[in-house]
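Examination of the molecular architecture
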Amino acid sequence: MEADTWVHPPELWTARIKGSCVCGAVRWSYEEPFSAMLYCHCSICRKHHGTLFAAFVAGPLSTFHWRAGTEKITTWSSSARGKRSFCSTCGSKVPNVNHEAQLVFMPAGALEGELGIRPQMHLFVGSKAPAFEIHDGLPQHAAYPPEWGAQGLDTPARAMPDGVSGGSCACGRVRFELDGRPFRMHHCHCGRCRRARGSAYASNVIYELGALRYTQGEDLLADFDLPGAEFFGTSFCSRCGGALPRRSVKRGAAVVPLGALDSDPGIHPLAHQFVSFKAPWHEIHDGVPQHPEAAK
Ligand SMILES: [Zn+2]
Ligand SMILES: [Zn+2]
Ligand SMILES: [Zn+2]
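Okay, so let's go over this structure. What you see is a predicted model; the values in this text were computed from it and never measured.

With that out of the way, let us pick up the nonpolar core. The biggest cluster of nonpolar side chains holds 77 residues, and the ones touching the most others in it are Phe34, Met106, Leu115, Phe176 and Trp281. Apart from residues no more than four positions distant in its own chain, Leu115 is found in contact with Arg16, Ile17, Phe34, Met37, Val57, Ala108 and Trp281.

Pasting the structure below:
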(Lines give C-alpha, C1' and ligand atoms only; values in the text may rest on other atoms or scores of the structure.)
(Ligands and ions follow the chains in the order given, each with its own letter.)
Protein backbone atom coordinates (compact mmCIF):
# COMPACT_ATOMS: atom_id res chain seq x y z
CA MET A 1 0.00 0.00 0.00
CA GLU A 2 2.80 2.46 0.85
CA ALA A 3 4.47 3.91 -2.21
CA ASP A 4 7.93 2.91 -1.03
CA THR A 5 7.10 -0.80 -1.23
CA TRP A 6 6.90 -0.35 -5.02
CA VAL A 7 9.70 -1.26 -7.34
CA HIS A 8 7.72 -0.36 -10.47
CA PRO A 9 4.33 1.34 -10.42
CA PRO A 10 1.73 -1.00 -11.99
CA GLU A 11 1.04 1.37 -14.91
CA LEU A 12 4.62 0.68 -16.04
CA TRP A 13 4.27 -3.09 -15.96
CA THR A 14 4.22 -4.62 -19.39
CA ALA A 15 2.50 -7.80 -18.20
CA ARG A 16 -0.64 -8.83 -20.05
CA ILE A 17 -2.62 -9.57 -16.88
CA LYS A 18 -2.50 -7.50 -13.69
CA GLY A 19 -4.24 -8.28 -10.44
CA SER A 20 -4.47 -6.86 -6.96
CA CYS A 21 -6.41 -7.02 -3.73
CA VAL A 22 -8.76 -4.14 -2.95
CA CYS A 23 -6.36 -2.40 -0.51
CA GLY A 24 -3.61 -2.60 -3.15
CA ALA A 25 -1.03 -4.25 -0.88
CA VAL A 26 -0.92 -7.60 -2.73
CA ARG A 27 -0.23 -7.39 -6.48
CA TRP A 28 0.71 -9.85 -9.18
CA SER A 29 1.15 -10.19 -12.92
CA TYR A 30 0.81 -12.94 -15.51
CA GLU A 31 1.59 -13.46 -19.22
CA GLU A 32 0.56 -16.83 -20.67
CA PRO A 33 -2.87 -17.64 -22.08
CA PHE A 34 -5.03 -19.12 -19.33
CA SER A 35 -5.83 -22.81 -19.67
CA ALA A 36 -9.10 -22.89 -17.71
CA MET A 37 -11.84 -20.64 -16.37
CA LEU A 38 -14.63 -21.88 -14.17
CA TYR A 39 -17.35 -20.98 -11.72
CA CYS A 40 -17.39 -22.91 -8.45
CA HIS A 41 -20.52 -23.25 -6.31
CA CYS A 42 -19.04 -25.35 -3.47
CA SER A 43 -19.92 -24.19 0.01
CA ILE A 44 -16.28 -23.41 0.86
CA CYS A 45 -16.02 -21.07 -2.13
CA ARG A 46 -19.35 -19.46 -1.31
CA LYS A 47 -18.28 -18.84 2.30
CA HIS A 48 -14.73 -17.82 1.49
CA HIS A 49 -15.76 -15.29 -1.16
CA GLY A 50 -19.10 -14.41 0.44
CA THR A 51 -20.73 -14.76 -2.96
CA LEU A 52 -23.22 -16.98 -4.81
CA PHE A 53 -20.26 -18.61 -6.58
CA ALA A 54 -16.54 -18.11 -7.08
CA ALA A 55 -14.87 -17.46 -10.46
CA PHE A 56 -11.33 -18.71 -11.15
CA VAL A 57 -8.84 -18.69 -13.96
CA ALA A 58 -5.95 -21.14 -14.04
CA GLY A 59 -2.79 -21.38 -16.11
CA PRO A 60 0.88 -22.36 -16.17
CA LEU A 61 2.95 -21.01 -13.30
CA SER A 62 6.00 -20.00 -15.35
CA THR A 63 4.95 -16.42 -16.11
CA PHE A 64 3.19 -15.67 -12.85
CA HIS A 65 4.96 -13.12 -10.66
CA TRP A 66 4.11 -11.60 -7.32
CA ARG A 67 4.74 -7.86 -7.60
CA ALA A 68 4.16 -6.74 -4.01
CA GLY A 69 2.75 -7.61 -0.64
CA THR A 70 3.49 -11.34 -0.27
CA GLU A 71 4.17 -10.70 3.44
CA LYS A 72 0.49 -9.71 3.75
CA ILE A 73 -0.82 -13.06 2.48
CA THR A 74 -2.44 -15.50 4.89
CA THR A 75 -3.14 -19.04 3.69
CA TRP A 76 -5.80 -21.24 5.22
CA SER A 77 -5.91 -24.99 4.58
CA SER A 78 -9.54 -25.71 3.77
CA SER A 79 -8.76 -29.44 3.47
CA ALA A 80 -5.76 -31.76 3.26
CA ARG A 81 -5.13 -30.56 -0.31
CA GLY A 82 -7.10 -27.32 -0.52
CA LYS A 83 -5.45 -23.99 0.18
CA ARG A 84 -7.14 -20.59 0.26
CA SER A 85 -5.13 -17.38 0.32
CA PHE A 86 -6.20 -13.85 1.16
CA CYS A 87 -4.81 -10.43 2.00
CA SER A 88 -4.58 -10.10 5.78
CA THR A 89 -5.32 -6.35 5.56
CA CYS A 90 -8.43 -6.28 3.36
CA GLY A 91 -9.54 -9.93 3.16
CA SER A 92 -9.46 -9.99 -0.66
CA LYS A 93 -8.86 -13.42 -2.18
CA VAL A 94 -5.47 -13.72 -3.88
CA PRO A 95 -3.89 -16.38 -6.14
CA ASN A 96 -2.93 -19.86 -5.00
CA VAL A 97 0.19 -21.40 -6.44
CA ASN A 98 0.44 -25.17 -6.96
CA HIS A 99 4.16 -25.92 -7.38
CA GLU A 100 3.56 -29.66 -7.79
CA ALA A 101 1.28 -29.16 -10.81
CA GLN A 102 3.11 -25.98 -11.91
CA LEU A 103 -0.22 -24.15 -12.03
CA VAL A 104 -1.57 -20.92 -10.63
CA PHE A 105 -5.23 -20.34 -9.73
CA MET A 106 -6.43 -16.75 -9.59
CA PRO A 107 -9.67 -15.18 -8.41
CA ALA A 108 -10.96 -13.78 -11.70
CA GLY A 109 -12.67 -10.76 -10.13
CA ALA A 110 -9.32 -9.42 -8.93
CA LEU A 111 -7.95 -9.15 -12.48
CA GLU A 112 -8.17 -6.10 -14.70
CA GLY A 113 -9.65 -6.01 -18.19
CA GLU A 114 -9.91 -8.68 -20.86
CA LEU A 115 -8.58 -12.10 -19.80
CA GLY A 116 -8.63 -13.79 -23.21
CA ILE A 117 -10.81 -16.62 -21.92
CA ARG A 118 -14.46 -17.16 -20.98
CA PRO A 119 -15.95 -19.35 -18.23
CA GLN A 120 -16.12 -22.97 -19.40
CA MET A 121 -18.21 -24.76 -16.78
CA HIS A 122 -19.89 -24.73 -13.39
CA LEU A 123 -18.37 -26.92 -10.67
CA PHE A 124 -20.07 -28.24 -7.51
CA VAL A 125 -23.58 -27.34 -8.59
CA GLY A 126 -24.58 -30.18 -6.26
CA SER A 127 -23.93 -27.80 -3.36
CA LYS A 128 -24.96 -24.48 -4.92
CA ALA A 129 -27.09 -21.93 -3.08
CA PRO A 130 -30.57 -23.54 -3.19
CA ALA A 131 -32.42 -20.46 -4.49
CA PHE A 132 -29.84 -19.69 -7.17
CA GLU A 133 -30.67 -20.78 -10.71
CA ILE A 134 -28.05 -21.08 -13.42
CA HIS A 135 -29.33 -19.60 -16.69
CA ASP A 136 -26.27 -19.68 -18.93
CA GLY A 137 -25.74 -22.70 -21.21
CA LEU A 138 -22.41 -23.81 -19.70
CA PRO A 139 -21.87 -27.44 -18.67
CA GLN A 140 -22.74 -28.14 -15.05
CA HIS A 141 -20.98 -30.69 -12.86
CA ALA A 142 -22.23 -31.93 -9.49
CA ALA A 143 -18.59 -31.84 -8.28
CA TYR A 144 -15.56 -32.01 -10.61
CA PRO A 145 -15.89 -33.22 -14.21
CA PRO A 146 -15.34 -37.03 -14.23
CA GLU A 147 -12.36 -36.77 -16.61
CA TRP A 148 -10.41 -34.84 -13.95
CA GLY A 149 -10.42 -37.93 -11.75
CA ALA A 150 -10.50 -35.65 -8.70
CA GLN A 151 -12.19 -36.43 -5.44
CA GLY A 152 -14.92 -33.98 -4.46
CA LEU A 153 -14.44 -32.16 -1.20
CA ASP A 154 -17.17 -30.16 0.39
CA THR A 155 -18.76 -29.11 3.62
CA PRO A 156 -22.48 -29.45 4.23
CA ALA A 157 -24.54 -26.34 4.83
CA ARG A 158 -24.95 -25.72 8.55
CA ALA A 159 -28.56 -25.74 9.63
CA MET A 160 -29.88 -22.81 11.66
CA PRO A 161 -32.48 -23.24 14.41
CA ASP A 162 -36.03 -22.36 13.30
CA GLY A 163 -36.79 -18.66 13.18
CA VAL A 164 -33.12 -17.62 13.27
CA SER A 165 -31.06 -16.31 10.36
CA GLY A 166 -27.33 -16.38 10.47
CA GLY A 167 -24.19 -17.98 9.26
CA SER A 168 -20.46 -18.30 9.64
CA CYS A 169 -17.09 -17.82 8.02
CA ALA A 170 -15.57 -20.63 5.94
CA CYS A 171 -13.66 -22.25 8.84
CA GLY A 172 -16.67 -22.02 11.13
CA ARG A 173 -14.86 -20.27 14.01
CA VAL A 174 -16.82 -17.02 13.60
CA ARG A 175 -20.61 -17.27 13.79
CA PHE A 176 -23.32 -14.63 13.65
CA GLU A 177 -27.08 -14.26 13.86
CA LEU A 178 -29.51 -11.75 12.40
CA ASP A 179 -32.85 -10.58 13.80
CA GLY A 180 -35.83 -9.78 11.65
CA ARG A 181 -35.91 -9.52 7.92
CA PRO A 182 -33.49 -7.86 5.51
CA PHE A 183 -34.74 -4.78 3.69
CA ARG A 184 -32.65 -5.06 0.55
CA MET A 185 -30.43 -7.36 -1.47
CA HIS A 186 -28.38 -6.43 -4.50
CA HIS A 187 -25.62 -7.72 -6.73
CA CYS A 188 -22.75 -5.25 -7.16
CA HIS A 189 -20.34 -5.33 -10.11
CA CYS A 190 -18.15 -2.36 -9.12
CA GLY A 191 -14.39 -2.84 -9.24
CA ARG A 192 -14.07 -2.65 -5.45
CA CYS A 193 -16.62 -5.40 -4.84
CA ARG A 194 -15.09 -7.58 -7.56
CA ARG A 195 -11.61 -7.19 -6.09
CA ALA A 196 -12.69 -7.74 -2.51
CA ARG A 197 -14.69 -10.90 -3.36
CA GLY A 198 -12.60 -12.12 -6.28
CA SER A 199 -15.72 -13.21 -8.16
CA ALA A 200 -17.91 -11.80 -10.94
CA TYR A 201 -19.86 -9.66 -8.48
CA ALA A 202 -20.72 -9.30 -4.79
CA SER A 203 -24.18 -10.19 -3.49
CA ASN A 204 -25.06 -8.31 -0.32
CA VAL A 205 -28.07 -8.60 1.96
CA ILE A 206 -28.79 -5.44 3.96
CA TYR A 207 -30.24 -5.56 7.47
CA GLU A 208 -30.80 -2.90 10.15
CA LEU A 209 -27.51 -2.28 11.98
CA GLY A 210 -28.92 -3.59 15.28
CA ALA A 211 -30.02 -6.87 13.70
CA LEU A 212 -26.46 -8.25 13.59
CA ARG A 213 -25.02 -10.18 16.51
CA TYR A 214 -21.78 -12.13 16.53
CA THR A 215 -22.30 -15.23 18.66
CA GLN A 216 -18.88 -16.87 18.40
CA GLY A 217 -15.28 -16.01 17.48
CA GLU A 218 -15.69 -12.22 17.25
CA ASP A 219 -12.04 -11.88 18.34
CA LEU A 220 -11.12 -13.30 14.92
CA LEU A 221 -13.16 -10.66 13.08
CA ALA A 222 -11.04 -8.25 11.01
CA ASP A 223 -12.40 -4.97 9.64
CA PHE A 224 -10.98 -2.93 6.80
CA ASP A 225 -12.08 0.55 5.72
CA LEU A 226 -10.86 1.55 2.29
CA PRO A 227 -8.92 4.83 2.66
CA GLY A 228 -10.60 7.65 0.77
CA ALA A 229 -13.86 5.76 0.21
CA GLU A 230 -17.05 7.13 1.72
CA PHE A 231 -18.52 3.75 2.59
CA PHE A 232 -16.49 0.87 1.23
CA GLY A 233 -14.99 -1.62 3.62
CA THR A 234 -14.82 -5.32 4.38
CA SER A 235 -15.16 -7.63 7.36
CA PHE A 236 -13.67 -11.11 7.33
CA CYS A 237 -12.33 -13.94 9.46
CA SER A 238 -8.62 -13.34 10.08
CA ARG A 239 -8.06 -17.13 10.25
CA CYS A 240 -9.74 -18.33 7.04
CA GLY A 241 -10.45 -15.10 5.13
CA GLY A 242 -14.16 -15.91 4.92
CA ALA A 243 -16.31 -12.85 4.15
CA LEU A 244 -18.44 -11.78 7.12
CA PRO A 245 -21.16 -9.19 7.85
CA ARG A 246 -19.92 -5.64 8.17
CA ARG A 247 -21.30 -3.05 10.55
CA SER A 248 -21.70 0.07 8.43
CA VAL A 249 -22.38 2.63 11.17
CA LYS A 250 -22.53 5.53 8.66
CA ARG A 251 -25.32 3.78 6.78
CA GLY A 252 -27.02 2.43 9.89
CA ALA A 253 -26.91 -0.98 8.25
CA ALA A 254 -25.39 -4.42 8.51
CA VAL A 255 -24.04 -5.51 5.11
CA VAL A 256 -24.14 -9.30 4.94
CA PRO A 257 -22.29 -11.20 2.20
CA LEU A 258 -24.90 -13.59 0.82
CA GLY A 259 -22.42 -16.48 0.75
CA ALA A 260 -21.83 -16.24 4.50
CA LEU A 261 -25.48 -17.01 5.28
CA ASP A 262 -26.56 -20.54 6.23
CA SER A 263 -30.21 -19.73 5.68
CA ASP A 264 -32.01 -18.29 2.70
CA PRO A 265 -32.55 -14.56 3.36
CA GLY A 266 -36.02 -14.81 1.79
CA ILE A 267 -35.65 -11.69 -0.32
CA HIS A 268 -35.39 -11.12 -4.06
CA PRO A 269 -32.45 -9.13 -5.40
CA LEU A 270 -33.42 -5.54 -6.22
CA ALA A 271 -30.90 -5.18 -9.02
CA HIS A 272 -27.52 -5.81 -10.53
CA GLN A 273 -25.82 -2.46 -9.89
CA PHE A 274 -22.74 -0.80 -11.37
CA VAL A 275 -23.05 -3.04 -14.43
CA SER A 276 -21.12 -0.39 -16.41
CA PHE A 277 -18.12 -1.76 -14.47
CA LYS A 278 -19.02 -5.41 -15.06
CA ALA A 279 -16.24 -7.90 -15.80
CA PRO A 280 -16.10 -8.46 -19.59
CA TRP A 281 -16.04 -12.25 -19.17
CA HIS A 282 -19.27 -12.48 -17.16
CA GLU A 283 -22.74 -12.42 -18.74
CA ILE A 284 -25.89 -11.74 -16.76
CA HIS A 285 -28.67 -14.17 -17.66
CA ASP A 286 -31.13 -13.80 -14.79
CA GLY A 287 -34.08 -11.45 -15.17
CA VAL A 288 -32.96 -9.14 -12.35
CA PRO A 289 -32.99 -5.42 -13.36
CA GLN A 290 -29.62 -3.95 -14.32
CA HIS A 291 -28.44 -0.46 -13.43
CA PRO A 292 -25.32 1.15 -14.95
CA GLU A 293 -24.52 2.76 -11.58
CA ALA A 294 -26.04 2.58 -8.08
CA ALA A 295 -29.55 1.10 -7.86
CA LYS A 296 -31.81 3.33 -5.74
ZN1 LIG B 1 -5.28 -6.14 0.58
ZN1 LIG C 1 -15.27 -24.15 -4.79
ZN1 LIG D 1 -12.94 -18.45 9.64
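With that out of the way, let us pick up the coordination of the zinc ion (ligand 2). Around the zinc ion (ligand 2), the donor atoms from the protein are Cys40 (SG), Cys42 (SG) and Cys45 (SG), and they sit 2.1 to 2.4 Å away. Spacing between the donor residues of the zinc ion (ligand 2) along the chain follows C-x1-C-x2-C. When sorted by exposure, Cys40 lands in the same class as Cys45, which is buried.

In this structure, the largest pocket spans a volume of roughly 1,200 Å³. Surrounding the largest pocket, 41 residues form its lining, Arg81, Gly82, Lys83, Phe105 and Tyr144 being those nearest its centre. For the lining of the largest pocket, the secondary structure elements donating two or more residues are strand S3 (36-40), helix H1 (43-49), strand S4 (54-60), strand S7 (83-87), strand S8 (93-94), strand S9 (96-98) and strand S10 (103-107). Split by residue class, the lining of the largest pocket holds 24 nonpolar, 12 polar and five charged.

A few words now on the sheet that holds S3. Reading across the sheet, the five strands line up as S9-S10-S4-S3-S11 and stay open at both edges, with mixed pairing between neighbours. What marks the edges here is a single partner per strand, and that holds for S9 and strand S11 (121-123). Mean inter-strand twist for the sheet, computed between neighbouring axes without regard to direction, equals 30 degrees. Of the pairings in the sheet, the one linking S4 to S10 comprises five bridges and is antiparallel in character. Each residue of the ladder has a partner; that of Ala58, found in S10, is Phe105.

A full pass over the atoms with the stated rule returns eight salt bridges. Where Lys47 meets Asp262, a salt bridge forms, and the shortest distance between an N and an O atom there is 2.6 Å. Here Asp262 lies in the loop between strand S20 (253-257) and strand S21 (271-273) and Lys47 lies in helix H1, a separation of 215 residues in the sequence. Assigned by exposure class, Lys47 and Asp262 land together as buried. Arg195 serves as the salt-bridge partner of Glu112, at 3.8 Å between the closest nitrogen and oxygen.

Criteria and cut-off values
Residues numbered from 1 in each chain as written. Chains lettered and ligands numbered in written order. Predicted model: local features only at pLDDT ≥ 70, side-chain atom pairs only at ≥ 80, totals over all residues. Heavy atoms only, no water. Core = buried A, V, L, I, M, F, W, Y, C linked by side-chain atoms within 4.5 Å. Buried < 20%, exposed > 50% of the residue type's maximum accessible area, 1.4 Å probe, protein only. Contact = heavy atoms within 4.5 Å. Donors = N, O, S within 2.8 Å, 3.2 Å for Na, K, Ca; no water. 1 Å grid on protein atoms, 1.4 Å probe; cavity = no way out; pocket = protein on both sides within 12 Å on 5 of 7 lines; lining within 4 Å. Points joined across faces, edges and corners; volume = space filled by probe spheres on them. Helix = DSSP H or I, 4+ residues; strand = E, 2+ residues; numbered from the N terminus. Nonpolar A, V, L, I, M, F, W, Y, C, P; charged D, E, K, R; others polar. Pairing = 2+ DSSP bridges. Axes fitted to C-alpha atoms, helices over the stretch in contact; angles between N-to-C directions. Salt bridge = Lys/Arg side-chain N within 4 Å of Asp/Glu carboxyl O.

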